[in-house]
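Structure assessment
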2 protein chains.
Amino acid sequence: MIAYRNLRVALLGAGSVGAQVATLLTEHHDELASRVGAGLDLIGIAVRDVDAPRTAPIDPALFTTDAMGLIESADIVIELMGGIEPARSYILHALNSGADVVTGNKALLAAHGPELQAAAEQVGAQVYYEAAVAGAIPIIRPLRESLAGDRVKRILGIVNGTTNFILDKMDVEGDTFENALAVATELGYAEADPTADIEGYDAAQKAAILARLAFHTEVPVEAVHREGITQITAAQVSQAQKAGYVVKLLAICERITDPASGVDGVSARVYPALIPRRHPLATVHGGKNAVFVEAEAAGDLMFYGAGAGGIETASAVLGDVVSAARRHVAGGPGVAETTHANLTILPIDSVSTRYQITLEVSDAPGVLARIASLFSEHGVSVEAVQQSIASVESGTSESSGTATLVIVTHVASERALSRTVADIADQQVVVRVESVLRVEGA
Amino acid sequence: MIAYRNLRVALLGAGSVGAQVATLLTEHHDELASRVGAGLDLIGIAVRDVDAPRTAPIDPALFTTDAMGLIESADIVIELMGGIEPARSYILHALNSGADVVTGNKALLAAHGPELQAAAEQVGAQVYYEAAVAGAIPIIRPLRESLAGDRVKRILGIVNGTTNFILDKMDVEGDTFENALAVATELGYAEADPTADIEGYDAAQKAAILARLAFHTEVPVEAVHREGITQITAAQVSQAQKAGYVVKLLAICERITDPASGVDGVSARVYPALIPRRHPLATVHGGKNAVFVEAEAAGDLMFYGAGAGGIETASAVLGDVVSAARRHVAGGPGVAETTHANLTILPIDSVSTRYQITLEVSDAPGVLARIASLFSEHGVSVEAVQQSIASVESGTSESSGTATLVIVTHVASERALSRTVADIADQQVVVRVESVLRVEGA
């Protein structure tokens, strides 16, 4: 029973996701029509060059370079071009022309999300962006709707497949970072310039989007603390393994209270962290993504699946297109996305978590006691200390060798921890601070 | 900015979930109002006995025995009474009075889902039921909306926490079924009469609901093939462990083609099955639930979390209440849930999967060859055979003992497999067929 006129769908961009979306819209036309209550007609695809060679079997008559003209005759505009401009102008034009917008553009959403939402609200339209975070995994809709009656406490996300592939390879095969990256590049998991992935920029954009949605607060991407994985060594990964942890690059969005000022706020941060092997996120292998959500009432939830890929991401885009189409058929304005809570964005210094500190120290009596007292002076409580086999370095006596101390703390503030580490580094018995890694999900 | 009049919310039932819903609606009133764009006022709670002792701190003035009167003055009715009647009549009355309905009543949805959906569609209202399957885990909304542009191929769900607790305990601690059940009862994971859980009735209701939603086809709960876990022995679990599997009770919904007739259709079934330990579902421990979805475009997705619990399930209910409320504020009819595909429900005989068959056989020459030829005669391809240490039984010569054969097949039809097993059981060299377990997720 199709009671409604067909809806006109415009596609901007014909890359790997766009081509799959075009194919699915065409091949599943009748099925989609019965799910929506109206046909979805792909009326055109805006591209820069209509004659560029394409692998997907798309009707060439659909291609146009007149994006603005295409947008004006559409009910639903799908933006899959990426980048800030002209994507931003096109989306604003679409909203102002009365169309709903579906986009997978995380860079644009992280930078201009509130502007797009405001434009949509003003005209009673809606911007859908399930594909922007964690590819095929439904995470935007669950946060926006399923958990709308709950309070999110924390999100731990493996939201970048490239870095997860690299870290998983280092964990499973004992590879170095450089080797794992080379394989990731060869297999197409990493781009020729992998900076956006391995330095955490991509994950930071997703953290900004997730934090805004979870905490109803505008979170500029610049406010997301960001550390990449380029400093992670094979030795760290193997030591983590022995201690029952795995290293993952996490996007973390958290409601926190600054321990010094007592200010309530939000932390959004990206860094490599140790996760206990029994944690559900530890089982996320290869290029997969997963988002672990801790909510006040619902408890722990995890959403797992493909974080990238043309056809996988196209599934998320199509889901949004169906939602937009159903809203058109049903009538009524879109669901406004509010930032009513407007919480303070707190810096990394306000965060409290657990830490693993690895030190090379003189293998002399009293060293452990000296180190332990430094932790205690700064109010940092130690959970476990492990002293590894001393590595005797060209020494004539036992005491001229060095030992490795691995210390895991209870929850401590970033401030207290960094002061402790600075003091430790100053000690004569400390040869060097090998690494400081945060421990999450414990 | 609250522009809309407050919405009137009625609650039917004040059990563990209902009490938490009432508390959250009251405590989070302002927060919910800013998310919805309208206040949500709890106007009453229908109970059988207003004076019954209650642990939750709920304003006693809210309680009433006049459910029908309460329903008539509500915009949104939350049904958390359970059972078929009077829940069914109340819901129909609510829909006919113009209210949207939120329910967590899986028994009612499995038995009368299509009737309720039809009633809702007729008046332009909507029935929300995220809490009915897998407690706090968002799975209904992802299936109904996120995957609306995709095609679900198969769902493998751990949707019953009691049986997962029992099987996990058997796996981790080597417990017998009886012991594990006793502990589950003691800890409140199992009810005094555990039949609905351990015999798979509860999982079958959820399978019926998931299959209807995933395949747009009416699936009566009676059409769901159902086997419980009471026959699972400690020996089977330990043998599975050695072979790299774990036993889980699965609700499986699958698009299949009957190998004999070529008829395309749907299979919905519940049984204990072996899952490879590297499969994401294998990491679901204790009373947790998870739903693994294989979709044509999206690939593999998994949704993990708490499958039960008052406050956890209340989160799912509240998410639905917010959706219903936003729809009221936005206007327009609900999203009709269609069964337009109307596929044939195929019986268990039409299913094809992999199998593990454990046989006790005479430890004599030629036995393996004889068994292997029987598989081959029925067109069942064998993937692996493992012969365990022979158990010499009061024998005087080696050949009077018995051996255990564990055979894992490639994908075979249920029909061919059961014929093979019947033939094997007839062989003189076969002492007994110890178990036949299906292997899923491989």
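Residues numbered from 1 in each chain as written. Chains lettered and ligands numbered in written order. Predicted model: local features only at pLDDT ≥ 70, side-chain atom pairs only at ≥ 80, totals over all residues. Heavy atoms only, no water.

1. Let's talk about the overall build of chain A
For clarity, the cut-off: The helix count covers DSSP runs of H or I at least four residues long, the strand count covers runs of E at least two residues long, and both are numbered beginning at the N terminus. In this scheme, a residue with accessible area under 20% of its type's maximum is buried, one over 50% is exposed, and one in between is partly exposed, where area comes from a 1.4 Å probe on protein chains only. Throughout, a contact is declared for two residues whenever any of their heavy atoms are within 4.5 Å.
From N to C terminus, chain A includes 14 helices and 18 strands. Seen along its three principal axes, the alpha-carbon backbone of chain A occupies a region of about 85 × 45 × 35 Å. Each of the 442 residues in chain A was classed as buried or not, and the buried ones make up 57%. Contacts in chain A between residues at least 24 apart in sequence constitute 74% of all its contacts with a sequence separation of at least 6.

2. Some details on the relation of the copies chain B and chain A
Counted only if it meets this: The least-squares superposition of copies is restricted to C-alpha atoms, and to residues with a pLDDT of at least 70 in both copies.
Rotating chain B by 180° and moving it 0.0 Å along the rotation axis overlays it on chain A with an RMSD of 0.1 Å. Taken together, the turn and the small shift mark the pair as related by a two-fold rotation axis. Among all residues of chain B, the one whose C-alpha sits closest to the rotation axis is Phe303(B), at a distance of 2.5 Å. The overlap is high: 100% of the interface residues of chain B also sit at the interface in chain A, so the same surface is used on both sides.

3. Structural notes on the interface of chain B and chain A
Here is the rule: Buried area: the accessible area, evaluated with a 1.4 Å probe, that two parts lose upon being put together, summed over both parts. We define a salt bridge as a side-chain nitrogen of Lys or Arg found within 4 Å of a carboxyl oxygen belonging to Asp or Glu. Classes in brief: Ala, Val, Leu, Ile, Met, Phe, Trp, Tyr, Cys and Pro nonpolar; Asp, Glu, Lys and Arg charged; the others, Gly included, polar. Strands are labelled as partners when DSSP assigns at least two bridges between them.
Each partner contributes residues to the interface: chain B has 52 residues there, and chain A has 52 residues. Both sides together, the interface formed by chain B and chain A hides about 4,300 Å², and carbon and sulfur atoms give 54% of it. Together, Arg35(B), Tyr304(B) and Arg326(B) form the three largest contributors to the area buried by chain B at its contact with chain A, with a combined 15%. On inspection of chain B and its partner chain A, the count reaches 4 salt bridges. Put simply, the parts of the chain that give the side of chain B that touches chain A at least two residues each are helix 1 (16–27), helix 2 (29–36), helix 6 (140–146), strand 12 (299–306) and helix 12 (310–330) of chain B. Per-element tally for the side of chain B that touches chain A: the top contributor is helix 12 of chain B, with 9 residues. Residues belonging to the side of chain B that touches chain A are distributed by class as follows: 23 nonpolar, 14 polar and 15 charged. Bridging between strand 12 (residues 299–306) of chain A and strand 12 of chain B involves 3 bridges; their strand directions are antiparallel.

4. Here we look at the environment of Val47(B)
The topology assignment puts Val47(B) in the loop between strand 2 (40–46) and strand 3 (63–64). Contacts of Val47(B), omitting those with residues within four sequence positions, involve Ala14(B), Arg54(B), Phe63(B), Thr64(B) and Thr65(B).

5. As for the sheet that holds strand 6 (residues 127–128) of chain B
Across a sheet, strands are paired by hydrogen bonds formed along the backbone, either parallel or antiparallel in direction. All names here are of chain B. For clarity, the cut-off: Axes here refer to lines fitted to C-alpha atoms; in helices the fit is confined to the stretch in contact. Angles between the N-to-C directions go from 0 to 180 degrees.
Pairing is parallel across the open sheet formed by 6 strands, whose spatial order is 3-2-1-4-5-6. Single-partner strands in this sheet number two, and they are strand 3 and strand 6. In this sheet, strand 2 lies alongside strand 1 (residues 7–12) in parallel orientation, the contact comprising 6 bridges. Opposite Leu7, over in strand 2, you have Leu40 as the bridge partner. The strands that helix 4 (residues 87–96) touches are strand 1, strand 4 (76–79), strand 5 (100–103) and strand 6; relative to strand 5, the one it contacts most, it runs at about 150°.

6. Considerations on the domain arrangement of chain A
Note on interface size: it is often stated as the accessible area lost on association of the parts. We count it as follows: Annotation comment: domain bounds sourced from an automatic or database domain assignment.
Under the domain assignment used here, chain A contains domain 1 (7–133 + 311–330), domain 2 (140–307) and domain 3 (351–439). Between domain 1 of chain A and domain 3 of chain A, the C-alpha centre-to-centre distance is 54 Å.

7. Structural notes on the sheet that holds strand 3 (residues 63–64) of chain A
Residues and elements named next belong to chain A. Strands sit in the order 3-2-1-4-5-6 across an open sheet of 6 strands; the sheet is parallel. Edge strands, defined here as strands with exactly one partner in the open sheet, are strand 3 and strand 6 (127–128). Bridge analysis of strand 5 (residues 100–103) against strand 6 gives 2 bridges, and the strand direction is parallel. Directly across from Val102, in strand 6, lies its bridge partner Tyr128.

8. Focus: the UniProt feature "binding site: NADPH" (unreviewed entry) in chain A
Residues and elements named next belong to chain A. Heads up, the condition is: UniProt positions are given in the numbering used here, feature names are shortened, and annotations may be inferred rather than shown by experiment.
UniProt marks Lys106 with the feature "binding site: NADPH" (unreviewed entry), using the numbering shown here. Here Lys106 shows up in helix 5 (residues 106–123). Not counting the four nearest positions on each side in its chain, Lys106 is found in contact with Ala132, Asp202, Gln205, Lys206 and Ile209.

9. Re helix 5 (residues 106–123) of chain B
All names here are of chain B. Quick reminder of the rule: Each residue is assigned a bend, namely the angle between axes fitted to the seven residues that terminate at it and the seven residues that start at it.
Bending of helix 5 peaks at approximately 85° at the position of His112, with proline Pro114 no more than four residues after it. Among the residues of helix 5, those classed as buried are Leu108, Leu109, Ala110, Gly113, Leu116, Gln117, Ala119 and Ala120. Those residues of helix 5 that are buried lie in contact with strand 4, helix 4, strand 5, strand 6 and helix 10 (201–215). One or two positions beyond helix 5, positive phi appears at Gly124, with a value near 75°.

10. Description of the packing of helix 7 (residues 161–173) of chain B against helix 8 (residues 177–186) of chain B
Residue and element names in this part refer to chain B. To keep it simple, the criterion reads: Should an angle fall under 35 degrees it is called roughly parallel, over 145 degrees roughly antiparallel, and 65 to 115 degrees roughly perpendicular, with every other angle called oblique. Helix crossings fall into two classes, left-handed where the near helix is turned counterclockwise from the far one by less than a right angle and right-handed where it is turned clockwise.
For the pair helix 7 and helix 8, the least separation of the axes is 9 Å and the interaxial angle reads 130°. Put simply, helix 7 runs oblique to helix 8. Considering only the axes of helix 7 and helix 8, their crossing is right-handed. Contact residues: Phe165, Ile166, Lys169 and Met170 in helix 7; Phe177, Ala180, Leu181, Val183 and Ala184 in helix 8.

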